[in-house]
Amino acid sequence: MLNDKLHSYIEELIPGREPLFIEMENYAKENKVPIMELVGIEALLQLLRIQDSKKILEVGTAIGYSALRMAEALPKASIVTIERDLERIQVAEEYMGRSKHGEQILLIKGDALEVEELVKGQAPYDTIFVDAAKGQYKKFFEIYSKYLKSDGIIITDNVLFKGLVTESEIESKRIRNLVKKIDGFNQWLMNHPDYHTVILPVGDGIAISKKKR
Ligand SMILES: C[S@@+](CC[C@H](N)C(=O)[O-])C[C@H]1O[C@@H](n2cnc3c(N)ncnc32)[C@H](O)[C@@H]1O
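Residues numbered from 1 in each chain as written. Predicted model: local features only at pLDDT ≥ 70, side-chain atom pairs only at ≥ 80, totals over all residues. Heavy atoms only, no water.

What exactly am I supposed to notice about the overall build of the chain here?
Looking only at helices and strands, the chain has 8 helices and 7 strands in total. For the chain, the C-alpha radius of gyration of 17 Å lies close to 17 Å, the compact-globule estimate for 213 residues. Along the longest, intermediate and shortest principal axes, the C-alpha atoms of the chain span 45 × 40 × 35 Å. When the 213 residues of the chain are sorted by exposure, 49% land in the buried category. Looking at the chain alone, contacts between residues at least 24 apart form 69% of all its contacts between residues at least 6 apart. Only carbon and sulfur atoms are counted for the fraction: they give 51% of the accessible area of the chain, which is about 11400 Å². With 30 positive and 33 negative side-chain charges, the chain shows a separation of 4 Å between the mean positions of the two kinds. (Helix = DSSP H or I, 4+ residues; strand = E, 2+ residues; numbered from the N terminus. Rg over C-alpha atoms; globule rule 2.2 N^0.38 Å. Buried < 20%, exposed > 50% of the residue type's maximum accessible area, 1.4 Å probe, protein only. Contact = heavy atoms within 4.5 Å. Areas by Shrake-Rupley, 256 points an atom, 1.4 Å probe, with all protein chains shown as cover. Lys, Arg positive; Asp, Glu negative; His and termini not counted. Charge placed at Lys NZ, Arg CZ, Asp CG, Glu CD.)

See the structure below:
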């Protein structure tokens, strides 16, 4: 969202990471797995530190990159993360097995729309991080916000969808429909009577929602 030069400037200021994280970033690049980009994940981790999250729910594990980064940043936190793609589950489990932070993570295998009972069993959560199928964001929010602590926050990634939310002429019908859904979700979320929400143009756009008192 920032111009490229500023974005690279901030990226270059970010200190180095554990070798396993670099390996995961390379794996994601080579295998086209959409993990959170650097500036975005740093912003997420800082929010979690400020929140002092002890229990985090993540919707969308992919290969476990953000889950392991959250575990490293918050050594006292436990993370419940949901993934439905079998190949990614296998890769995530391998990385979690190799990482010293893996023990903080519980991976729930299945569709987030179908595993509510398992997620409920670990509730309540200080933070819910939604980073899965963009067309289903409203459903994820409605299902899982029930399990958020009263002072908790919900962070939703990709709400600006590479800037496409402002594009009126999009050739692909699939992308056009997705953009319409994301825009609908953003409008709904910003006007939600129970939450204060701010959208930050960081990474792919993150929405931070906090329950009203
Ligand atoms: C953007 S990736 C997650 C990236 C990860 N949070 C990271 O930054 O390392 C989204 C993942 O959500 C998964 N996903 C999408 N819809 C899902 C659903 N309904 N239930 C479970 N997983 C889902 C996809 O298979 C994909 O691996």
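Structure's up, so let's keep going.
Looking at this model, I keep getting lost on a nonpolar patch on the surface. Mind explaining?
A contiguous nonpolar patch, built from Leu6, Tyr9, Ile10 and Leu13 and spanning about 390 Å² of accessible area, is present on the exposed surface. Positionally, Leu6 belongs in helix H1 (residues 4–13). (Patch = residues over 30% accessible without salt bridge, like charges linked within 9 Å, V, L, I, M, F, W, Y side chains within 5 Å. Salt bridge = Lys/Arg side-chain N within 4 Å of Asp/Glu carboxyl O.)

What exactly am I supposed to notice about the sheet that holds strand S5 (residues 148–156) here?
Adjacent strands of a sheet pair through backbone hydrogen bonds, lying either parallel or antiparallel. Read across the sheet, 7 strands follow the order S3-S2-S1-S4-S5-S7-S6 without closing on themselves; strand pairing throughout is mixed. Both edges of this open sheet fall to strand S3 (105–109) and strand S6 (195–200), since each of them pairs with a single strand only. Each adjacent strand pair in this sheet contributes to an overall mean axis angle of 15 degrees, direction not counted. Against the sheet, helix H3 (residues 38–51) engages strand S1 (55–59), strand S4 (125–130), S5 and strand S7 (206–211), with an angle of about 170 degrees to S5. In the packing of helix H5 (residues 86–98) onto the sheet, contacts are made with strand S2 (78–83) and S3, and the angle to S3 comes to roughly 165 degrees. (Pairing = 2+ DSSP bridges. Axes fitted to C-alpha atoms, helices over the stretch in contact; angles between N-to-C directions.)

When you look at unusual backbone geometry in this model, what are you seeing that I'm missing?
Trans peptide bonds make up most of the peptide bonds, and negative phi angles are found at most residues other than glycine. A cis amide bond links Ala123 to the next residue, Pro124, at an omega of 5 degrees. One non-glycine residue, Asp52, adopts positive backbone phi at about 50 degrees. Counting through the fold element by element, Asp52 comes out in the loop between H3 and S1. When its relative accessible area of 43% is taken as the criterion, Asp52 is described as partly exposed. Of note, the phi angle at Ala62 is positive, near 55 degrees, even though the residue is not glycine. Within the secondary structure, Ala62 is located in the loop between S1 and helix H4 (65–73).

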